[in-house]
Amino acid sequence: MTELAAAILCFILTHAIPAFKPLRAQLVRAMGEKMYIVLYSMMSAAVLIWLGFAYAEAPYVEIWQQGAWARWLPLWVMPFACILLVGGLVQPNPLSLSFGDADKFDPERPGVVALTRHPVIWAIGLWAISHMPANGDLAALMMFSLLLLLGLSGPKSLDAKRRAGLGEDRWLGLAAVTSNIPLLAWISGKIRPRGLGVVPLAGGLGLYTLLIFLHEWAIGVSPLP
């Protein structure tokens, strides 16, 4: 459990970097905005992978018994989470985390951003909340509670940063084609997810398939009911 606690602490510290404005400003000045985002995203991904392996090695301390229905929940939710993750990383998004060129974002064809303006963070949140019922032990509760907290608090923090960086008028114009809560703007009829593209769908479903095959090897438990 010690390694898991250390990974969680490292996760919290690395995600505190953007909130510590003097440090973030110094890093951006030293390497540029785009390089900072790329390196920070890579570091975050590495810590997340470490968190997963630390969780797999943690001792089992049961808190609640797993219901048979709970094993189906991740299988149904994770395809959507994977599509959001892949789409969020590759498509341009000036409103949130992305490897895509923010300058190429087209409000007329917002792609996955039309589903939610924070697809990567919501992918992590969906991963966490879908896995909690199926894992009723202390290590799982520690890890997935942390990721769920990130999914709930991250969008508000990022909205504030992007709003300040883009300016009120530009942020409102870009945010008008999307919403924080997934599918809300689409269900309300405000927009349609034009430009979703093949990559988020094919890449997301491909990632989901890969996770199914690697889950037992990496975590030690089959994801299938």
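Residues numbered from 1 in each chain as written. Predicted model: local features only at pLDDT ≥ 70, side-chain atom pairs only at ≥ 80, totals over all residues. Heavy atoms only, no water.

> Run through the overall build of the protein, naming residues and quoting values.
Secondary structure summary: the protein contains 9 helices and 0 strands in total. Relative to the compact-globule value of 17 Å for 225 residues, the protein shows a C-alpha radius of gyration of 18 Å, a close match. Taking the principal axes of its C-alpha atoms as reference, the protein extends roughly 50 × 40 × 25 Å. Each of the 225 residues in the protein was classed as buried or not, and the buried ones make up 40%. Put simply, the protein shows about 12200 Å² of open surface, and 71% of that area lies on carbon and sulfur atoms. Charged side chains of the protein number 16 positive and 13 negative; the gap between the two group centres comes to 9 Å. (Helix = DSSP H or I, 4+ residues; strand = E, 2+ residues; numbered from the N terminus. Rg over C-alpha atoms; globule rule 2.2 N^0.38 Å. Buried < 20%, exposed > 50% of the residue type's maximum accessible area, 1.4 Å probe, protein only. Areas by Shrake-Rupley, 256 points an atom, 1.4 Å probe, with all protein chains shown as cover. Lys, Arg positive; Asp, Glu negative; His and termini not counted. Charge placed at Lys NZ, Arg CZ, Asp CG, Glu CD.)

> I'd like a rundown of the packing of aromatic side chains, residues and numbers included.
Going through the model one piece at a time under the given rule, you end up with 3 aromatic pairs. Aromatic rings pair up to connect Tyr 55, Trp 127 and Phe 144 into one cluster. (Phe/Tyr/Trp six-rings, centres within 6.5 Å; stacked < 30°, edge-to-face > 60°.)

> Hey, could you go over the side chain of Asn 93 for me, with residue numbers and the actual values?
As for its position among the elements, Asn 93 is in the loop between α4 (72–90) and α5 (119–131). At 2.9 Å, the side chain of Asn 93 forms a polar contact with the backbone nitrogen of Leu 95. If near-sequence neighbours (up to four positions away) are discounted, Asn 93 is found in contact with Ser 98, Ala 102, Phe 105, Val 113, Arg 117 and Pro 119. (Polar contact = N/O pair within 3.5 Å; in protein donor to acceptor, adjacent residues only side chain to side chain. Contact = heavy atoms within 4.5 Å.)

> Would you mind going over the layout of surface pockets in detail, with residue names and values included?
Roughly 670 Å³ of internal volume is contained in the second largest pocket. Around the second largest pocket sit 25 residues that line it, and Arg 24, Glu 33, Ile 37, Pro 94 and Arg 162 are the ones nearest its centre. Listing elements by their share of the lining of the second largest pocket, those giving two or more residues are α2 (21–31), α3 (33–57) and α6 (138–166). With 6 residues, α6 is the largest single contributor of residues to the lining of the second largest pocket. Residue composition of the lining of the second largest pocket, grouped by class: 11 nonpolar, 5 polar and 9 charged. (1 Å grid on protein atoms, 1.4 Å probe; cavity = no way out; pocket = protein on both sides within 12 Å on 5 of 7 lines; lining within 4 Å. Points joined across faces, edges and corners; volume = space filled by probe spheres on them. Nonpolar A, V, L, I, M, F, W, Y, C, P; charged D, E, K, R; others polar.)

> Can you break down the packing of α5 against α6 residue by residue, with the values?
One can describe the packing of α5 onto α6 by two numbers: an axis separation of 8 Å at closest approach and a directional angle of 150 degrees. Viewed along their axes, α5 and α6 adopt a mutual orientation that is roughly antiparallel. In this structure, the crossing between α5 and α6 has a hand that is left-handed. Residues Ile 121, Trp 122, Ile 124, Gly 125, Trp 127, Ala 128, Ile 129 and His 131 of α5 lie in contact with α6, whose contacting residues are Met 143, Phe 144, Leu 147, Leu 148, Leu 150, Gly 151, Gly 154, Pro 155 and Leu 158. Across the contact of α5 with α6, the residue classes break down as 13 nonpolar, 4 polar and no charged. (Axes fitted to C-alpha atoms, helices over the stretch in contact; angles between N-to-C directions. Parallel < 35°, antiparallel > 145°, perpendicular 65-115°, else oblique. Left-handed = near helix turned anticlockwise from the far one by under 90°.)

> Which residues make up the packing of α2 against α3, and what values do they have?
Two numbers describe how α2 lies on α3: the axes approach to 7 Å, and their chain directions differ by 115 degrees. In this view, α2 runs roughly perpendicular relative to α3, as classed from their interaxial angle. Crossing hand, α2 versus α3: right-handed. Across the interface between the two elements, Arg 24, Leu 27, Val 28 and Met 31 from α2 touch Glu 33, Met 35, Tyr 36 and Leu 39 from α3. Split by residue class, the contact of α2 with α3 holds 6 nonpolar, no polar and 2 charged.

> I'd like a rundown of the nonpolar core, residues and numbers included.
Leu 4, Phe 11, Leu 51, Tyr 55, Met 143, Phe 144 and Leu 147 are the most contacted members of the largest nonpolar core, which totals 19 residues. For this core, the elements supplying multiple residues, two or more each, are α1 (2–16), α3, α5 and α6. Ranked by residue count, the leading element in this core is α6, at 7 residues. The contacts of Leu 51, once residues within four sequence positions are left out, are Leu 4, Ala 7, Ile 8, Phe 11, Met 143, Leu 146 and Leu 147. (Core = buried A, V, L, I, M, F, W, Y, C linked by side-chain atoms within 4.5 Å.)

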